[in-house]
Amino acid sequence: MTDSLMSKAATMEPINSNGDTRTIAEDDGLEQDLQQVMVSGPNLNETSIVSGGYGGTAEGIIPTSSIKGSNMHHSSSNSSMADDKNRGVAVEKLENMKKWGINTYKCTKQMISERFGRGSRTVDLELEAQIEVLRDTKRKYENVLRLARALTNHFYNMVQTQHALGDTFADLSQKSPELRDEFGYNAETQKLLCKNGETLLGAVNFFVSSINTLVNKTMEDTLMTIKMYENASRLEFDAYRSDLEELSMGPRDAAAMARIDAAQQQYQVQREKYERLRSDVTIKLKFLEENKVKVMHKQLLLFHNAISAYFAGNQQQLEQTLKQFNIKLRPPGADKPSWLEEQ
C-alpha cells in the first residue's frame, strides 16, 4: 500500500485554491484508500464477536445479526401472546355481559307478564303448601318469643323488687326490736323467693335464647333459600319456558328451527337448575321440621318443669330441672356480663 501511495504522489499534480500546483497526492491517496476501505469493509450488522480474545480462533464466534434477530422475534412473540390474551379476556367479558343482558330481559318480561296476568307461572302445590306452613309457623313462634321476652323482663323486675324488699326487712329487723322476728322471717322469705326467681330466670332465658335461634337463624336461613328459589330460579325457568313456547308457535323455517333448538338447550339448563334448587328447598324444609320438633320438645319440657317447680315452691326440683338441661347460672354479683364478654 506504501508503494501505491508513493507512485500516486509522483504522477498526480493537484491545483490548490490559488492556482498553484503542490504535491498533496499523499492526502488524496489516503482519502481514496479510506473510501475504498469504507466501501469494501464488513457490514456492521454482520460484525462477529470473538469470544476467544484478540487473534483467537473462529470457535465461539456469535454473529450479532443473529442475536438481534432472535431478540426481535422473542419480543414480537411475547407482544403477540399478550395481545391474544387481552383480546380473549375482552371477548369473554363481552359474552358474559351479553348473556346477562339477555337473561335480565327475559326475566323482566316474565315478571311483568305474571304481574299483569298474561304470563303463566309454574306452581308446585305440595311445596307451596309446605312453604306457607313454615311462614305461618315462623309468625306464631315470633309471637311466643315476644311474649317470653316480656315475661322475662317483668319477672326480672319482680325479682329485683323482692331483693330490695328483703334488704329493707332485714334492716328494719335490726332497728325495730319489738318487730324483729316479724321483719326477720319476712326478710328470709323474700330472699328465698329472690333466689328461686333467679333460678327460674336462668331457665326462662335459656328458653328465650333457644327459640330466638330457631326463629331468627334456622327458619330464616330456610326462608332465604326459598326466596332464591322463588325469585331467581323459578322466574328464570318460567322465562325460558315461555320463550320456547312462543318460538314453537311461530314459523318452522330453517332459521326458526335453529332458534328453537337453541331455546330448547337453554330451557333444559334452566330446568336442571330449577329442579336442583327445588330439591334443596324440599330437603331444608324436611330437616327444619325435624330440628324444630327436637328443639321445641326439649324447651317446652324445660319451661313447664321450671315454672311448675317455682310456683309450687319446690326449690330442689327447680334446681334439678336446671341440672337436667345443663343450664349454669351466673354467680351472684354477675347479673350483667362485662363489655369484654359481650364482644
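What counts as what
- Residues numbered from 1 in each chain as written.
- Predicted model: local features only at pLDDT ≥ 70, side-chain atom pairs only at ≥ 80, totals over all residues.
- Heavy atoms only, no water.
- Helix = DSSP H or I, 4+ residues; strand = E, 2+ residues; numbered from the N terminus.
- Buried < 20%, exposed > 50% of the residue type's maximum accessible area, 1.4 Å probe, protein only.
- Contact = heavy atoms within 4.5 Å.
- Areas by Shrake-Rupley, 256 points an atom, 1.4 Å probe, with all protein chains shown as cover.
- pLDDT = per-residue confidence, 0-100.
- UniProt positions renumbered as here; feature names shortened; annotations may be inferred.
- Phe/Tyr/Trp six-rings, centres within 6.5 Å; stacked < 30°, edge-to-face > 60°.

A.B. asks: Sorry, what's going on with the overall build of the protein chain here?
C.D. replies: Helices and strands together make up the secondary structure of the protein chain, namely eight helices and two strands. Scored against the burial criterion, the 343 residues of the protein chain give a buried share of 25%. Restricting to contacts in the protein chain with at least 6 residues of sequence separation, those with at least 24 account for 72%. Approximately 24,400 Å² of the protein chain is accessible, and the part contributed by carbon and sulfur atoms is 56%.

A.B. asks: Would you mind showing me how to read the confidence of the model for the protein chain here?
C.D. replies: Low-pLDDT stretches of the model should not have their predicted coordinates read in fine detail. Per-residue confidence for the protein chain averages 75 on the pLDDT scale, and 66% of its residues sit at or above 70. Below pLDDT 50 for its whole length, residues 37-68 participates in 16 contacts with residues either more than four positions away or in separate chains.

A.B. asks: It is not clear to me how the UniProt feature "coiled-coil region" (unreviewed entry) in the protein chain should be interpreted in this structure. Could you clarify?
C.D. replies: On the UniProt side, "coiled-coil region" (unreviewed entry) is annotated at positions that read residues 260-291 here. The straight-line gap between the two end C-alpha atoms of residues 260-291 is 46 Å; of that span, 100% is helix and 0% is strand.

A.B. asks: Is there a simple way to explain the packing of aromatic side chains in this structure?
C.D. replies: Two measures describe an aromatic ring pair: the distance that separates the ring centres and the angle between the ring planes. Taken as a whole and assessed by the stated rule, the structure comprises five aromatic pairs. Ring geometry for F169 against F183: centres 6.0 Å apart, planes inclined by 35 degrees, an arrangement best described as tilted. Taken together, the positions of F169 in helix α4 (residues 125-175) and F183 in helix α5 (residues 180-248) put the pair 14 residues apart, joining distant regions of the chain. Each member of the pair, F169 as well as F183, is classed as buried. When the centroid spacing of 5.6 Å and the interplanar angle of 25 degrees are considered together, the rings of Y229 and Y274 count as stacked. With Y229 in helix α5 and Y274 in helix α6 (residues 254-311), the pair connects residues that are 45 residues apart, well separated along the chain. Neither residue differs from the other here; Y229 and Y274 are each classed as buried.

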